[in-house]
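One-letter residues, chain by chain:
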Amino acid sequence: MIFISIFFALGLTLIAFARPEPPINCPGLPDDFTLQNYTKLTDPFTDVRGKKITTKQQWACRRQEISQLLQQYELGPLPPKPARFFATFQDGVLNITTFEGSKYTSFAVQVVGNEAGTSRQPIPAIISLGGLSIPKPDGIASITFNNDEIANQGGLQSRGVGKFYDLYGSDHPASATIAWAWGVARIIDALEGTTGHNIDPTKLALTGCSRNGKGTIVAGAFNDRIALTIPQESGTGGTGCWRIADQNEVEGVNVQTLREIVTENVWFSPTLDEFVNKTTLLPFDHHLLAALIAPRALLDVASSAFSWLGPESQFGCMKTAHKVWEALGVPDNMGISEIGDHNHCAFPDTQQGDLDAYIQKFLLGQDSDTNILKTDLEDNAGFVEKDWIEWATPTLA
Ligand SMILES: *[C@@H]1O[C@H](CO)[C@@H](O)[C@H](O)[C@H]1NC(C)=O
Ligand SMILES: *[C@@H]1O[C@H](CO)[C@@H](O)[C@H](O)[C@H]1NC(C)=O
Ligand SMILES: *[C@@H]1O[C@H](CO)[C@@H](O)[C@H](O)[C@H]1NC(C)=O
């Protein structure tokens, strides 16, 4: 990467030229790819050509394929790093300007709690979509990302509104959640490219609750530089699976579904509309969205208190996702804590220990027991594996 510092007065500003992704030679989707009707949870370990995944190297390509499918059918395309950007850090504000062609846009994020860091011993940080709704851990900085400013989520009429669309055009097919993933990437670019904030950009967590929890799982999945992803009470469209929610609705549960979600807001691309009442045609479900995070750390902070969030769907979907971490040999890098003793997004004391364990191990580098896969509902919240999973979990060589 080539840096050219231009604004010497600030000493903190830079222009960076895009850094190409390291190439992996994967086949990509076949030209004759067609959707199949599959009523169970899709197999992470068989690719679209029907080939079994047996090695970590093959998983890297399967992962790329899943990423491509999610962008094509549900999220819209994630643009690469802009050709040029510059960033400054001053008075607790990280200010980021990005350029594409003749257009540019600026946004700023607030950093607090970074005083504890020194240039010799930088500290971890948690980036929150829309503000923290978990308690801020000691010794960790907090970065508030006003994601609504990047892509508005004010109902269907807010499609294409926000700074992302100022840069890429209001008809750009990116959903709000993938636009937020782009915003998170720019924040990390800016942390890497500025000094004075005393934050270690290799020790970043990401969190957000409810609708911003949906954004958190997407942004965690599409940002390899996030060490720990903590979606909170994200429900359907987040850590719940479309298929399980639909099945639960048939059974009489008042749960959010794909049919409802595409009429409510712009969290997904208009391409998802064609799957209303047809979620079984999707070549993935959200266990595979979560699986893009593996082997990095994920803690799903879920609530069992609201049928709308889909307690069985969240628990079952994430239990299924967990099999990818098992296959990669790192089962303790992914946990589920589903507890229902509190109001929506009011983080309770009963989940504090689970959160602390993940923060300690994945941000602070301390030992802790992160083998946490629990719900406070009986019988795994109703989730019966054999009803949903008809594939085996390999140990990837
Ligand atoms: C961020 O930088 C842009 C471009 O220099 C500037 O217009 C804007 O006022 C800055 N915002 C903040 C909050 O400092
Ligand atoms: C989906 O199913 C619901 C309920 O069965 C029905 O009211 C609605 O018209 C269907 N929508 C589409 C797009 O098929
Ligand atoms: C998929 O298959 C199921 C079970 O055979 C059937 O009930 C459903 O209508 C099919 N869905 C689509 C979209 O073809």
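Residues numbered from 1 in each chain as written. Chains lettered and ligands numbered in written order. Predicted model: local features only at pLDDT ≥ 70, side-chain atom pairs only at ≥ 80, totals over all residues. Heavy atoms only, no water.

Residues in close proximity to ligand 2 include Arg259, Val276 and Asn277, which together make up its full environment. One nitrogen or oxygen atom from the side chain of Asn277 is found 2.3 Å from an oxygen atom belonging to ligand 2. Burial of ligand 2 by the protein amounts to 27% of the accessible area it has alone, namely 370 Å². (Near = heavy atom within 4 Å. Polar contact = N/O pair within 3.5 Å; in protein donor to acceptor, adjacent residues only side chain to side chain. Areas by Shrake-Rupley, 256 points an atom, 1.4 Å probe, with all protein chains shown as cover.)

Axis separation between helix α6 (residues 242-250) and helix α9 (residues 311-327) bottoms out at 9 Å; the angle between their running directions is 150°. With respect to α9, the axis of α6 lies roughly antiparallel. Judged by the sense of rotation from one axis to the other, the crossing of α6 with α9 is right-handed. Contact residues: Ile244, Ala245 and Asn248 in α6; Glu312, Ser313, Gly316 and Cys317 in α9. (Axes fitted to C-alpha atoms, helices over the stretch in contact; angles between N-to-C directions. Helix = DSSP H or I, 4+ residues; strand = E, 2+ residues; numbered from the N terminus. Parallel < 35°, antiparallel > 145°, perpendicular 65-115°, else oblique. Left-handed = near helix turned anticlockwise from the far one by under 90°. Contact = heavy atoms within 4.5 Å.)

Right, let's get into the site of ligand 3. In the region of ligand 3, the neighbouring residues are Asn37, Thr39, Lys278 and Thr280. Protein burial of ligand 3: of its 360 Å² of free accessible surface, 34% is covered by the chains. In terms of residue class, the shell around ligand 3 is built from no nonpolar, three polar and one charged. (Nonpolar A, V, L, I, M, F, W, Y, C, P; charged D, E, K, R; others polar.)

What follows covers unusual backbone geometry. Cis geometry marks the peptide bond from Ala294 to Pro295; its omega dihedral reads 0°. With respect to the helices, strands and loops of the structure, Pro295 is situated in the loop between α8 (286-291) and β10 (297-302). Positive phi, close to 65°, is recorded for Ser210, a residue that is not glycine. On the secondary structure map, Ser210 appears in the loop between β8 (199-209) and α5 (211-221). The exposure class of Ser210 is partly exposed, given its relative accessible area of 22%. Positive phi outside glycine occurs at Asn380, with the angle close to 50°. (Buried < 20%, exposed > 50% of the residue type's maximum accessible area, 1.4 Å probe, protein only.)

Going through the model one piece at a time under the given rule, you end up with 13 aromatic pairs. Taken together, a centroid distance of 6.4 Å and an interplanar angle of 50° make the contact between Phe33 and Tyr73 tilted. On the criterion of sequence distance, the pair formed by Phe33 in the loop between β2 (15-16) and α1 (56-75) and Tyr73 in helix α1 is long-range, its members being 40 residues apart. Summarising the aromatic geometry, the rings of Phe107 and Phe145 are spaced 6.0 Å apart at their centres and angled 45° between planes, so their arrangement reads as tilted. Of this pair, Phe107 sits in strand β5 (residues 103-112) while Phe145 sits in strand β7 (residues 141-145), and the two are 38 residues apart along the sequence. With relative accessibility at 0%, the residue Phe145 sits in the buried group. Counting every residue linked through ring pairs, the aromatic cluster contains Phe164, Tyr165, Tyr168 and Trp182. The residue whose ring lies beneath Arg84 is Phe99, and the NZ or CZ to ring-centre distance is 4.2 Å. Between the NZ or CZ atom of Lys214 and the centre of the ring of Trp267, over which it lies, the distance is 5.5 Å. (Phe/Tyr/Trp six-rings, centres within 6.5 Å; stacked < 30°, edge-to-face > 60°. Lys NZ or Arg CZ within 6 Å of the ring centre and 35° of its normal.)

Within the open sheet, the 10 strands sit side by side as β3-β4-β5-β7-β6-β8-β9-β10-β11-β12. Their pairing is mixed. Each of the sheet's edge strands pairs with one partner strand only, and the pair in question is β3 (84-90) and β12 (373-375). Taken pair by pair, the neighbouring strands of this sheet meet at an average axis angle of 20°, ignoring direction. Of the strand pairs in this sheet, strand β6 (residues 123-129) and β7 are connected by five bridges, and their pairing is parallel. Within β7, the position partnered with Ile126 by the bridge is Ser142. Sheet strands in contact with α9 are β10, β11 (334-338) and β12, and its direction is about 165° off that of β11. (Pairing = 2+ DSSP bridges.)

β10 sits mainly inside the fold: six of its six residues count as buried. Of the two faces of β10, the one lined by Ala297, Leu299 and Val301 and the one lined by Leu298, Asp300 and Ala302 are each fully buried. Two elements, strand β9 (residues 228-232) and β10, share three bridges in a ladder whose sense is parallel. Following the sheet pairing, Leu228 is matched in β10 by Ala297. Sheet analysis places β10 next to β11, joined by five bridges and oriented parallel. Paired with Leu299 across the two strands is Gly335, which belongs to β11. The β-α-β motif built from β10, the intervening α9 and the parallel element β11 has right-handed crossover chirality. (Right-handed = clockwise from strand over helix to strand, strands pointing away.)

With that settled, consider the nonpolar core. Ranked by internal contacts, the top residues of the largest apolar core, which has 89 residues, are Ile127, Ile143, Phe145, Ile187 and Phe222. A per-element tally of this core places helix α4 (residues 176-193) first, with 11 residues. Here Phe222 is in contact with Ser67, Leu70, Gln71, Leu75, Leu78, Ile178, Ala181, Leu289 and Leu292, once residues within four sequence places are set aside. (Core = buried A, V, L, I, M, F, W, Y, C linked by side-chain atoms within 4.5 Å.)

Okay, the UniProt feature "domain: 4-O-methyl-glucuronoyl methylesterase-like" (unreviewed entry) in the protein next. As recorded in UniProt, the sites labelled "domain: 4-O-methyl-glucuronoyl methylesterase-like" (unreviewed entry) are residues 96-329. Its end C-alpha atoms 38 Å apart, residues 96-329 is made of 33% helix and 21% strand. (UniProt positions renumbered as here; feature names shortened; annotations may be inferred.)

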